[in-house]
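Geometric and topological summary
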Amino acid sequence: MKLAYLLAQYLYTNKRLDLPGIGTFKLDPAVAINTENSSKQRSATPEGISFEQNTSILDSPDLISYISSKTGKMKALAIADLESHIELAQQFLNIGKPFTFEGIGHLVKTRPGEFEFTPGLIINDKTTKEITASDAPGLSKKETVEARYQAFLATPVARSRWRKPVVALLAFCGIALAIWGGYTISTRNSGNEESVLAAAANETVPYVDSSQLNKPDTTLIQKAAVPDSYKYVLQVSKAQKAFDRFKQLKTNRWDIKMETQDSIQYKLFIVLPTSIDTTRKLDSLTALTGKKVYIEYQN
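A quick note: this is a predicted structure, and the numbers were derived from the prediction, not measured.

The interhelical angle for the contact between helix α1 (residues 3-14) and helix α2 (residues 61-71), taken along N-to-C directions, is 125 degrees, at an axis separation of 11 Å. With respect to each other, α1 and α2 are oriented oblique. For the element pair α1 and α2, the recorded crossing hand is right-handed. Between α1 and α2, the contacting residues are Leu3, Leu6, Leu7, Gln9 and Tyr10 on the first element and Asp62, Leu63, Tyr66, Ile67, Lys70 and Thr71 on the second.

Here the focus is helix α9 (residues 278-289). Here α9 spans 16 Å end to end across 12 residues, near enough to the 16 Å set by a 1.5 Å rise per residue. For α9, the set of buried residues is Lys281, Leu285 and Thr289. The buried residues of α9 occupy one face: seen down the axis, they fall within an arc of 50 degrees. Of the exposed residues in α9, the ones pointing more than 90 degrees away from its buried face are Thr279, Asp283 and Ala287. Of the residues flanking the end of α9, it is glycine 290, one or two places downstream, whose phi is positive at about 80 degrees.

With the rule as written, the count across this model stands at nine aromatic pairs. Each ring, one from phenylalanine 51 and one from phenylalanine 117, has its centre 6.3 Å from the other, and the planes form 35 degrees; the classification is tilted. Highlighted residues: phenylalanine 51 in strand β3 (residues 49-53) and phenylalanine 117 in strand β6 (residues 114-119), separated in sequence by 66 residues. Taken as a pair, phenylalanine 51 and phenylalanine 117 share a single burial class, namely buried. Lying across the ring of phenylalanine 269, lysine 231 places its NZ or CZ 4.6 Å from the centre.

To continue, consider the nonpolar core. Counting 34 residues, the largest nonpolar core has Leu17, Leu19, Phe25, Leu82, Phe101, Ile104 and Leu107 as the members making the most contacts within it. Elements with a contribution of two residues or more to this core: α1, β1 (16-19), β2 (23-27), β3, α2, α3 (75-94), β4 (99-101) and β6. Counting 16 residues, the second largest nonpolar core, distinct from the first, contains Leu234, Ala242, Tyr266 and Ile295.

Looking now at the pairing of strand β7 (residues 229-238). Counted residue by residue, β7 has seven buried out of 10 residues, so it is predominantly covered. Pairing of β7 with strand β9 (residues 265-273) involves nine bridges; the strand directions are antiparallel. If you follow lysine 231 over to β9, its bridge partner there is valine 271. Here β7 runs beside strand β10 (residues 294-296); their pairing, made up of three bridges, is antiparallel.

The rules behind these values
Residues numbered from 1 in each chain as written. Predicted model: local features only at pLDDT ≥ 70, side-chain atom pairs only at ≥ 80, totals over all residues. Heavy atoms only, no water. Axes fitted to C-alpha atoms, helices over the stretch in contact; angles between N-to-C directions. Helix = DSSP H or I, 4+ residues; strand = E, 2+ residues; numbered from the N terminus. Parallel < 35°, antiparallel > 145°, perpendicular 65-115°, else oblique. Left-handed = near helix turned anticlockwise from the far one by under 90°. Contact = heavy atoms within 4.5 Å. Expected span 1.5 Å × (residues − 1). Buried < 20%, exposed > 50% of the residue type's maximum accessible area, 1.4 Å probe, protein only. Arc of directions from axis to C-beta. Phe/Tyr/Trp six-rings, centres within 6.5 Å; stacked < 30°, edge-to-face > 60°. Lys NZ or Arg CZ within 6 Å of the ring centre and 35° of its normal. Core = buried A, V, L, I, M, F, W, Y, C linked by side-chain atoms within 4.5 Å. Pairing = 2+ DSSP bridges.

Don't take any of this as a statement about function, it's just geometry.
Structural data, given as C-alpha cells:
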C-alpha cells in the first residue's frame, strides 16, 4: 500500500497524525469513519478533521512503526519513505501549489507561514484494495500519485540547437590551426636548412668533378682531402639511393660531394674548415638530414 493512504488510515485509527515540518492533522474522537461500506463512501467528506500548523513538530515513533508493519519494511526505510513524502509536500507548498493528502484533505500555503486546509474524501476498504493492486509490478511509476507530483515539479530540459554548429565550428578551427602549424614548422626548417647551406657556401672548399665519381680509385679521396678541414659524412648507401640523395642536395644548393671505393657503397659528405665549432655543426647537420652525421678525419 502506498504511503499516502497509510497516513490516512493511521489518522482514522489514532485520531491524530503528526507530520514533521508541516503540522498535525486531528480527527474528532466523537466522529467514527466507517471504511467498510460501498464505493459511495468514497465521495463522502469526513467531518471533524482539522489541521494545526507546527513546523517544529518531531517524528512520531508510533507512525514509523505503523508504516513499517504495514509495508514490511525496516524502520530505517520507513523513515526514509516518510521523509521523502513530506519533502515532496513541502516543495508544492513552497511554490504556492496545493498538496493533496489522500483521504485527509488539501493543504495550500496562502501566505508566508500560513496554511489553509480543506477536508478531502474518505478512503474505504474497496478503494484501499484498488490502490494496493495498483502497486503490483508491471505498472509504470508514472501512474503513481507521487510520480505525477514529481513530474509536475520537474523542469523540462530544453535542447540546445546551437550545439552542433558550435562543435562544427570548433572542429574547423582546429583543422585550420593544425594546417597553419604544419606550414610554419616546415617554413622554419626550410629557413634553417638554407642558413646552414649559406654558411657552407661561404667557406672555401675544394670542388670535386662529378665525372670522377664512378672511378674506384684513391685520387678522388686525395682531392677531397684539404689541410685544416674535416669531412662531415652525411650518408653512406648504395648507388641508386646515394645518387638520388646527391641530386636532391645539389638541387637545394648544398656543396655536397660523393666518393666510392668499390662502386657499391657511396659516401656523401661535405668538407668544412676545422675552425668552426664541430660539435654544434654535427648537431645541426644531424637535425637537418635526419641521420647521424659523423666526422671522418683526413690524413
